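If you want the building blocks of each chain, they are given just below.
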Amino acid sequence: MSVLKKHWWKALSVVLLTLVTWFTFTLPLAPGITGVKQVFDDNKLVVEVDTYNADLENVELLCWLTSPNQKNNIHYSGATVLSHNKVRLYFPQPDTTSHTYYHLYMVTTKGGKLFYPDAMSMKHIGVLDAAYDDANPFPKKFLVPDHYASLPFQNILYESIRNLNFHVTMWMVTMILLLFSTIYSIIYLRTEKLIHDWRASFLVETAMMFTTLGIITGSIWAKNTWGAYWVNDPKLNGAVVGALVYVAYLVLRSSIKEDDKRARLSAVYNIFAFVIYIVFIQVLPRFTDSLHPGNGGNPAFSAYDLDSTLRMLFYPAIIGFTLVGAWITQLKLRLKNIEYQVNDED
Amino acid sequence: MISQSLLFMVATVFTIYLLKKDLNDNQLFSVFYWISVVFGGFQLCAKSFSNESQERVLWLKQYVSPLEFIFSKLIFNAIFLSVLASLAFAAFCIVFSYSPLEANHIFLVAAIMLGAINLSAVLTFVGGIGHSAGSALGLTAILGFPIILPGLLFSTRLFFYALGDISSTVNAPYAYALLALNVLTILLVSVLFPYLWRE
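Just so it is clear, the model here is predicted, and its values are computed rather than measured.

Engineer: What should I look at first to understand the overall build of chain B in this one?
Structural biologist: Tallying secondary structure elements over chain B gives seven helices and zero strands in all. Helices and strands in chain B line up, N terminus first, as α-α-α-α-α-α-α. For 199 residues, the compact-globule estimate of 2.2 N^0.38 gives 16 Å, and chain B sits close to it at 17 Å. When its C-alpha atoms are laid out on the principal axes, chain B stretches across 50 × 35 × 25 Å. Across the 199 residues of chain B, 47% fall into the buried class. Put simply, 84% of the contacts in chain B that link residues at least 6 apart link residues at least 24 apart.

Engineer: Is there a simple way to think about unusual backbone geometry in this case?
Structural biologist: Where the residue is not glycine, phi is negative for most of them; where a peptide bond is considered, it is trans in most cases. The backbone phi angle of Glu192 of chain A is positive, close to 60 degrees, even though this residue is not glycine. With respect to the element layout, Glu192 of chain A can be found in the loop between α2 (164-191) and α3 (194-225). Here the phi dihedral of Ser97 of chain B falls at roughly 40 degrees; this positive angle occurs in a residue that is not glycine. By the secondary structure assignment, Ser97 of chain B is in the loop between α4 (66-95) and α5 (105-132). Of the residues examined, Ser97 of chain B has 10 C-beta atoms within 10 Å and is grouped as exposed.

Engineer: What exactly am I supposed to notice about the interface of chain A and chain B here?
Structural biologist: Interface size, as often reported, equals the accessible area lost upon joining of the parts. With 21 residues of chain A at the contact, the number on the chain B side is 18 residues. Of all the secondary-structure elements, those providing two or more residues to the side of chain A that touches chain B are α4 (234-254) and α5 (259-283) of chain A. It is α5 of chain A that contributes the most residues to the side of chain A that touches chain B, ten residues altogether. When grouped by side-chain class, the residues that make up the side of chain A that touches chain B number 19 nonpolar, one polar and one charged.

Engineer: How do you make sense of the confidence of the model for chain A when you look at a structure like this?
Structural biologist: Any residue range with low pLDDT should be treated as having predicted coordinates unsuitable for detailed reading. Residues and elements named next belong to chain A. For chain A, per-residue confidence averages 79 on the pLDDT scale, and residues scoring 70 or more make up 77% of the total. By mean pLDDT, the top-scoring element of chain A is α2 (94), and the lowest-scoring one is helix α6 (residues 301-304) (48). Long-range and interchain partners of residues 121-135, a stretch whose pLDDT sits below 50, account for 24 contacts in this model, where long-range means more than four residues apart.

Engineer: Mind showing me how you'd approach the environment of Leu181 of chain B here?
Structural biologist: Residues and elements named next belong to chain B. Inspection of the secondary structure assignment puts Leu181 in helix α7 (residues 168-197). It is 21 Å that separates the C-alpha atoms of Leu181 and Ser86, two residues lying 95 residues apart in sequence. Excluding its chain neighbours within four sequence positions, the residues that come into contact with Leu181 are Asn118, Pro150, Gly151 and Phe154.

Engineer: Would you take a moment to explain the pairing of strand β3 (residues 61-66) of chain A for this structure?
Structural biologist: Each regular strand carries side chains that alternate between the two faces of the sheet. Residues and elements named next belong to chain A. Bridge count for β3 against strand β7 (residues 103-108) is six bridges, and the pairing is antiparallel. Bridging across to β7, Thr66 finds its partner in His103. As judged from the three bridges shared by β3 and strand β4 (residues 73-75), these two strands associate in the antiparallel manner. Bridging from a neighbouring strand, Leu65 pairs with Ile74 of β4.

Engineer: Help me understand the environment of Ser67 of chain A in this model?
Structural biologist: Relative to the elements of secondary structure, Ser67 of chain A occurs in the loop between β3 and β4. Linking Ser67 of chain A and His103 of chain A, residues 36 residues apart in sequence, is a C-alpha distance of 6.3 Å.

Engineer: Please explain the packing of helix α2 (residues 26-46) of chain B against α5 of chain B as it appears in this structure.
Structural biologist: Angle between the axes and distance between the axes are the two parameters that describe a pair of packed helices. Residue and element names in this part refer to chain B. Two elements in contact, α2 and α5, have axes whose closest approach is 9 Å; the angle formed by their N-to-C orientations is 45 degrees. The pairing of α2 with α5 is recorded here as oblique in orientation. The crossing of α2 and α5 is right-handed. Each of Val37, Val38, Gly41, Phe42, Cys45 and Ala46 in α2 lies in contact with α5, whose residues at this interface are Ala116, Leu119, Ser120, Leu123, Thr124, Val126 and Gly127. Residues that form the contact of α2 with α5 fall into these classes: nine nonpolar, four polar and no charged.

Engineer: Can you help me understand the pairing of β7 of chain A in this one?
Structural biologist: The element β7 of chain A is extensively covered by neighbouring structure, given that six of its six residues are classed as buried. Along β7 of chain A, one buried face is formed by His103, Tyr105 and Val107 of chain A and the opposite face, lined by Leu104, Met106 and Thr108 of chain A, is buried too.

Engineer: What exactly am I supposed to notice about the confidence of the model for chain B here?
Structural biologist: With 98% of its residues at a pLDDT of 70 or more, chain B has an overall mean of 87. Overall fold confidence (pTM) sits at 0.84, and the ipTM for the predicted complex is 0.90.

Engineer: Looking at this structure, how should I read the packing of α2 of chain B against α4 of chain B?
Structural biologist: All names here are of chain B. Orientation of α2 relative to α4, taken along the N-to-C sense of each, is 145 degrees, at an axis distance of 10 Å. Considering how the two elements wind past one another, α2 and α4 form a crossing that is right-handed. In this structure, α2 contributes Phe29, Tyr33, Ser36, Val37, Gly40, Gly41, Leu44 and Cys45 to the contact, and α4 contributes Asn77, Phe80, Leu81, Leu84, Ala85, Ala88, Phe89 and Phe92. Looking at side-chain class alone, the contact of α2 with α4 contains twelve nonpolar, four polar and no charged residues.

Parameters at a glance
Residues numbered from 1 in each chain as written. Chains lettered and ligands numbered in written order. Predicted model: local features only at pLDDT ≥ 70, side-chain atom pairs only at ≥ 80, totals over all residues. Helix = DSSP H or I, 4+ residues; strand = E, 2+ residues; numbered from the N terminus. Rg over C-alpha atoms; globule rule 2.2 N^0.38 Å. Buried ≥ 20, exposed ≤ 12 C-beta atoms within 10 Å, placed from the backbone. Contact = placed C-beta atoms within 7 Å. Nonpolar A, V, L, I, M, F, W, Y, C, P; charged D, E, K, R; others polar. pLDDT = per-residue confidence, 0-100. Pairing = 2+ DSSP bridges. Axes fitted to C-alpha atoms, helices over the stretch in contact; angles between N-to-C directions. Parallel < 35°, antiparallel > 145°, perpendicular 65-115°, else oblique. Left-handed = near helix turned anticlockwise from the far one by under 90°.

Next comes the structure, spelled out in structure tokens:
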């Protein structure tokens, strides 16, 4: 039991990461609309809808178009299911004089709530339930909760949204480790105990490992969503220069021989470097247009698509990877301790 | 030392002129200008510790507090880098026949002054670290280059907007950001320098 008392956090990290990895790759993606093609056919609006994961042949549908101000709803008059993921919807001719733009909503009995903001080319995120009010509630069978937990559907991202639990997590963990490294540097400057300097430096080394992983996972994601492994983007460039700052820190450490001097100078540089790092990663990208979510007017994930299922995986992933980072750092620290003692005896 | 860095800067400007004779693009103008200021900054500020004689530093350590020392150094370097940057701008205007009358003067001066102050503060600090590490300019350059980049990006952008007299609503955020970065840098330097100073 005493082993568990001392090492519970390592076990926790293994359990968390196993669960996160398992669920990240096995949970299905929620259904979604991938494309809408509209054809006007005398007095009727015919829309061909491509969906993803919706299993249309086995569910009942409810569809309507909503104007941006959500006051004008057009309910469908008929639907022809063409395949599992393709359906042709018939609407009465919309009143184009008052509202030119409409969003498309679909609800299925399998718990899928599908939304396409751009059905008639206008970007707007609406409230799903707006089309039905208290006086005219949803039919009951459409109100069933999701039969299974699912990851949110996002256009462009599709299945690659699973990467969120790894890519974003890597950067979160990097920043957490660097924050702790800075704290240990401050503690070193106040106490002048060499152990704090080691902690700070090993935390930076571990953080650089996570940075590398973050760049690799981000690169794969970029290839699948933006079409290239690397794009000229302030967030990406900031990440690289931020990494350079810390490589310079490691170079500084390697160029000084005396322990105390190395500890003092690198602690001073480390504190400065962390502030600059935060400026690079969090402040600079907000000044220019960026493709990356969370910058230049792009909403971050949490704004609309980090739903509760994804959150339940995302936060444990951060905790799990942070604990793994601490674990790696602890191993390095032990090794250093042994080396130091052996050298001392010589 | 000052004449050294002045000569270095003038040589840089003339080299740029020889390599590219007509510089009509404001963006290129801004980039080349700030690169030459960075060169001058490395000459002037990053070396300011290694240029002090050992005896003088020992004497100063006994009679002066670290804050007095670093602030006098920061003020000296900031003033001289600003003067140097202004001279470099004059040289750029002459060789590339750019009329400064076209520019937005307030933001132009703000860009040059704030950019030079930020550069000099960061480079003086990093030069101090490099000097304490007992290393020549090489380590200072490795430590300094990534760290000066945020200020450099802001001042390059601000300078570019000022050259083209682009409306102040666009560039005012950059000026504020540069000002905030300056305050942050000087605050950090004043907190951290005493630890660098004690041997």
